Amino acid sequence: MKLKTADGGWNPYFAGALIGLLAIASVLATTTLLGKTSYLGASTTFVRAAGLLERSVAADHVAENDYFTKEKVRIDWQFMLVAGIFIGALLSSKSDKSFKLEPVPPIWKDRFGSSIYKRAAGAFIGGIIAMIGARMADGCPSGHGLSGMMQLSMSSLVALALFFGSGMIAANLIYARRRK
Amino acid sequence: MSIEQILGLITGIIFGFLLQKGRVLRFEKQIGALLLKDMTIIKLMFSAILVGMVGILILSDAGVIKLSHKPMNLGAVIIGAILFGAGWAVMGFCPGTSIGALGEGRWHAFFAIAGMVVGAAIYAELYPFIKSTVLSWQDFGKIGIAEAVGVSHWVVAVVVAVVFGLMFRIFEKRNI
């Protein structure tokens with residue numbers, strides 16, 4: 001088995017195993033240092049980011065909202081984790097020169113052309129739908145897919161299967177046809 | 001910054017670094033997996049689950065940590081996950097990878113992130129309605145697969161390992 005992939009990346013099984021070790025280390029570190037076990041996740045941070053942004057224009061509205069109250073609008077462990085993902089990806093891609101300014105990805109371009117506006121609209125609308133779904137299901141491929149599956153949670157097994165099932169059907173409907 | 005925030009940041013930097021090295025952040029890999037053409041993200045995700053699962057189950061058995069199952073709220077998980085999958089296919093990122101993709105220069109991820117923040121804000125407004133409808137239908141609570149089936153979680157872990165192993169074999173045979 002090759003340790004490097006054709007695009008200069010690391011073998012995905014190896015990188016994945018390291019992420020598994022990171023998840024264990026992180027669970028231990030948060031339990032011992034913070035007194036509360038935190039599992040890797042990402043989507044709740046988007047709720048907190050929305051709350052922080054809304055709070056700057058309508059503080060009362062955020063304070064009165066049940067969901068913001070439930071998820072607590074603050075810069076917590078997971079918020080910084082998500083910020084860290086940006087820094088880690090930047091460092092890694094700069095160090096092996098895989099950093100690339102990309103306005104429109106190739107598969108998208110084959111189907112919808114090189115318009116940045118179309119891509120922006122797709123990403124934005126897709127983002128809205130995906131996040132409403134992730135909050136309803138109470139997790140995303142990090143929270144359910146990684147952390148929930150590591151704990152063998154029932155909800156995570158169902159969620160992960162449906163993330164992929166629904167995603168595969170949608171992707172085939174959207175991208176399988178080539179642009180004329 | 002508090003210890004909590006510093007710890008989150010350090011963990012996130014390593015997480016982002018590994019996700020980038022594994023080449024799973026970009027649109028091509030996410031959609032490649034959904035089109036069954038490039039299973040890199042599944043290989044990485046399932047390897048992480050296998051390693052993490054063993055450690056977390058041992059720590060839980062030893063009483064060092066407490067498991068934190070997310071609620072098996074039937075309607076919410078099913079409808080939410082289906083919506084997520086559809087949005088994911090259009091966006092080409094999931095919440096965690098969108099931030100990483102921005103970090104490696106794929107700046108169209110910015111629009112995905114903006115959409116997700118708006119989606120979170122919409123969900124917060126819809127929450128009272130969702131709480132009285134979808135969330136109130138049928139909640140099985142915070143249960144593990146092992147409890148639901150009535151076996152030790154190590155039995156479930158072995159089944160998961162065998163299934164993932166067979167999937168890895170298929171991916172490698174088909175070179176996807």
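Above this note sits the structure.
Residues numbered from 1 in each chain as written. Chains lettered and ligands numbered in written order. Predicted model: local features only at pLDDT ≥ 70, side-chain atom pairs only at ≥ 80, totals over all residues. Heavy atoms only, no water.

## Overview of the overall build of chain B
As a reminder of what qualifies: The numbering of helices and of strands both runs from the N terminus, where a helix is a DSSP run of H or I of at least 4 residues and a strand a run of E of at least 2. Relative accessibility thresholds used throughout: buried, under 20% of the residue-type maximum; exposed, over 50%; partly exposed, between the two (1.4 Å probe, protein chains only). The contact criterion used is simple: two residues touch if any of their non-hydrogen atoms lie within 4.5 Å. A 1.4 Å probe and the Shrake-Rupley method give the accessible areas. Residues count as covered only by the protein chains that appear here.
When its secondary structure is counted, chain B shows nine helices and zero strands. Reading chain B from its N end, one meets helices and strands in the order α-α-α-α-α-α-α-α-α. Taken over the C-alpha atoms alone, chain B extends approximately 50 × 45 × 40 Å along its principal axes. Burial statistics for chain B: of 176 residues in total, 56% are counted as buried. Counting contacts in chain B only where the partners sit at least 6 residues apart, residues at least 24 apart contribute 63% of the total. A total of about 7,100 Å² of accessible surface is found on chain B, and carbon and sulfur atoms cover 71% of it.

## Some thoughts on the interface of chain B and chain A
Rules: Buried area is calculated as the accessible area (1.4 Å probe) missing from two parts once they are joined, with the contributions of both summed. Any Lys or Arg side-chain nitrogen found within 4 Å of a carboxyl oxygen on Asp or Glu counts as a salt bridge. In protein, a polar contact means a hydrogen-donor-capable atom and an acceptor-capable atom, both N or O and within 3.5 Å, with residues adjacent in sequence counting only if both atoms are side-chain atoms; elsewhere, any N or O pair within 3.5 Å suffices. Under the grouping applied here, Gly and all other residues not named as nonpolar or charged are polar, the nonpolar ones being Ala, Val, Leu, Ile, Met, Phe, Trp, Tyr, Cys and Pro and the charged ones Asp, Glu, Lys and Arg.
Chain B puts 116 residues into the contact, and the matching count from chain A is 120 residues. In terms of surface lost to chain A, no three residues of chain B exceed Phe15(B), Lys21(B) and Lys70(B), which account for 7% of the buried area on that side. When the shortest N-O distance is used, the salt bridge between Lys29(B) and Asp7(A) registers 3.7 Å. The interface formed by chain B and chain A includes 38 residue pairs in polar contact (both at pLDDT 80 or more). Of all elements in the fold, only helix 1 (3–21), helix 2 (27–34), helix 3 (40–61), helix 4 (74–91), helix 5 (95–103), helix 6 (109–132), helix 8 (145–149) and helix 9 (153–174) of chain B reach the threshold of two or more residues within the side of chain B that touches chain A. Here the side of chain B that touches chain A is built from residues that sort into 76 nonpolar, 27 polar and 13 charged.

## Here's the deal with a nonpolar patch on the surface
All names here are of chain B. To keep it simple, the criterion reads: Here, patches come from residues exposed beyond 30% relative accessible area and free of salt bridges, joined within 9 Å for like charges and within 5 Å for nonpolar side chains (Val, Leu, Ile, Met, Phe, Trp, Tyr).
Taken together, Leu74, Ile78, Ile79, Ile82, Trp137 and Phe140 make up a surface patch of nonpolar side chains, about 530 Å² in accessible area. With four residues, the top contributor of residues to the nonpolar patch is helix 4. When you line up the elements, Trp137 lands in helix 7 (residues 134–137). Using a relative accessible area of 52% as the deciding quantity, one classes Trp137 as exposed.

## Some details on the packing of aromatic side chains
For the record, the criterion: Whether two aromatic rings pair depends on their centres lying within 6.5 Å, for rings of Phe, Tyr and Trp, where Trp uses its six-membered ring; planes under 30 degrees apart make the pair stacked, over 60 edge-to-face, and the rest tilted.
The final tally for this structure, using the stated rule, is 18 aromatic pairs over all chains. A ring pair is formed by Tyr67(A) and Tyr127(B), whose centres lie 4.7 Å apart and whose planes are at 45°; its orientation type is tilted. Separated into two different chains, Tyr67(A) in helix 4 (residues 66–71) and Tyr127(B) in helix 6 make up a pair that spans both. Accessibility assignment for this pair places Tyr67(A) and Tyr127(B) in one class, buried. Between the aromatic rings of Tyr175(A) and Phe27(B), the centroid separation amounts to 6.0 Å while the plane-to-plane angle is 85°, which identifies the pairing as edge-to-face.

## Quick word on the pattern of salt bridges
Scanning the model with the defined rule gives 13 salt bridges over all chains in all. Among the ionic pairs, Glu4(B) bridges to Arg74(A), the shortest N-O distance being 3.2 Å. Pair noted here: Glu4(B) is in helix 1 and Arg74(A) is in the loop between helix 4 and helix 5 (77–95), and the two residues belong to different chains. For the salt bridge of Arg26(B) with Glu104(B), the shortest nitrogen-to-oxygen distance reads 3.1 Å. Of this pair, Arg26(B) sits in the loop between helix 1 and helix 2 while Glu104(B) sits in the loop between helix 5 and helix 6; the two residues are 78 residues apart in sequence, bridging distant segments of the chain. Glu104(B) shares its class with Arg26(B); the two are buried. One network of salt bridges, with partners in common, ties together Asp7(A), Asp96(A), Lys21(B), Arg23(B), Lys29(B) and Asp38(B).

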